[in-house]
Amino acid sequence: MKVIAVSGTPGTGKTILSKKLAKKLNYYYLDVNKLISKYKLSESYDKKRKTKIVNVKKLNKSLINEIKTMKNNVLTKKFKGIIIDSHLSHYLPRKYVDFCIVTKCGIKELNKRLKKKKFDKRKINENLQAEIFDVCYNEALGRKHEIIVVNTTKSINISTLAKKLGG
């Protein structure tokens, strides 16, 4: 069972890409935000950024357990793999991930998307800087993941991407 981590700056299209790819490849879609709520992995709340603070070590432990459980679960045997959707998914150790897709987006388009999501100015600027400096890509690179970069500024060819992933 293959594991694909989909990471990228908030607003770059991870969720849309993950759901379409999961459907195309017959993979299980794992929403990390639901996992964080389910296992209460949020340690606190940053009022300025309006976001949960998550302990990445605890998250990774939960994700690894989830992956192992799914690989051994009869109900999930119908899926060929797992797609993990989160801007934190690239933190998973390389040995648990077959591919790490990093979504990218043009700065003007990302700014529009974040405003549409009603992010405040400080959070928008922080995420735009993260995108400009390729934070998710560089962190995934540092973890030695096999990376595929997907630009989501315009449309995505899911069939072409699925073929790259062996589907």
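Higher on the page you've got the structure.
Residues numbered from 1 in each chain as written. Predicted model: local features only at pLDDT ≥ 70, side-chain atom pairs only at ≥ 80, totals over all residues. Heavy atoms only, no water.

Looking at the secondary structure, you find isoleucine 82 in strand S5 (residues 81-85). Here isoleucine 82 falls in the buried class, since its relative accessible area comes to 0%. Once residues within four sequence positions are removed from consideration, isoleucine 82 is found in contact with Met1, Lys2, Val3, Ile4, Tyr27, Tyr28, Leu30, Ile67 and Met70. (Helix = DSSP H or I, 4+ residues; strand = E, 2+ residues; numbered from the N terminus. Buried < 20%, exposed > 50% of the residue type's maximum accessible area, 1.4 Å probe, protein only. Contact = heavy atoms within 4.5 Å.)

Moving on, we come to the pairing of strand S4 (residues 51-54). Where strand S3 (residues 42-46) meets S4, four bridges bridge the pair, whose relative direction is antiparallel. Looking at S4, one finds that tyrosine 45 is bridged to lysine 52. Here S3 hands over to S4 after four residues, with lysine 50 in that stretch at a positive phi of 55°. (Pairing = 2+ DSSP bridges.)

On the surface, a cluster of nonpolar side chains totalling about 360 Å² of accessible area is made up of Ile107, Ile132, Phe133 and Val135. Secondary-structure assignment places valine 135 in helix H6 (residues 135-142). (Patch = residues over 30% accessible without salt bridge, like charges linked within 9 Å, V, L, I, M, F, W, Y side chains within 5 Å. Areas by Shrake-Rupley, 256 points an atom, 1.4 Å probe, with all protein chains shown as cover. Salt bridge = Lys/Arg side-chain N within 4 Å of Asp/Glu carboxyl O.)

Next up on the list: the sheet that holds strand S2 (residues 27-31). Hydrogen bonds between backbone atoms are what pair the strands of a sheet, whose relative direction is either parallel or antiparallel. A sheet is described by the order of its strands in space; here five strands give the open sequence S2-S5-S1-S6-S7, paired in parallel fashion. Strands at the two margins of the open sheet, each flanked by one partner only, are S2 and strand S7 (147-151). On average, each strand axis in the sheet is tilted by 20° relative to the strand beside it, whichever way the strands run. Here S2 pairs with S5 via five bridges, running parallel. (Axes fitted to C-alpha atoms, helices over the stretch in contact; angles between N-to-C directions.)

Bringing the packing of aromatic side chains into the picture now. One pass over the full model with this rule turns up one aromatic pair. When the centroid spacing of 5.5 Å and the interplanar angle of 75° are considered together, the rings of tyrosine 28 and phenylalanine 79 count as edge-to-face. On the criterion of sequence distance, the pair formed by tyrosine 28 in strand S2 and phenylalanine 79 in the loop between helix H3 (56-72) and S5 is long-range, its members being 51 residues apart. For tyrosine 28, a relative accessible area of 28% puts it in the partly exposed group. Positioned over the ring face of phenylalanine 119 is lysine 123, at 4.5 Å from the centre of the ring. (Phe/Tyr/Trp six-rings, centres within 6.5 Å; stacked < 30°, edge-to-face > 60°. Lys NZ or Arg CZ within 6 Å of the ring centre and 35° of its normal.)

Here the largest pocket is characterised by a volume of approximately 1200 Å³. Forming the walls of the largest pocket are 43 residues, and the residues nearest its centre are Gly8, Thr9, Pro10, Lys14 and His87. Of all the elements in the fold, those that place two or more residues in the lining of the largest pocket are helix H1 (14-25), S2, helix H2 (32-38), S4, helix H5 (121-132) and H6. Considered class by class, the residues forming the lining of the largest pocket number 15 nonpolar, 14 polar and 14 charged. (1 Å grid on protein atoms, 1.4 Å probe; cavity = no way out; pocket = protein on both sides within 12 Å on 5 of 7 lines; lining within 4 Å. Points joined across faces, edges and corners; volume = space filled by probe spheres on them. Nonpolar A, V, L, I, M, F, W, Y, C, P; charged D, E, K, R; others polar.)

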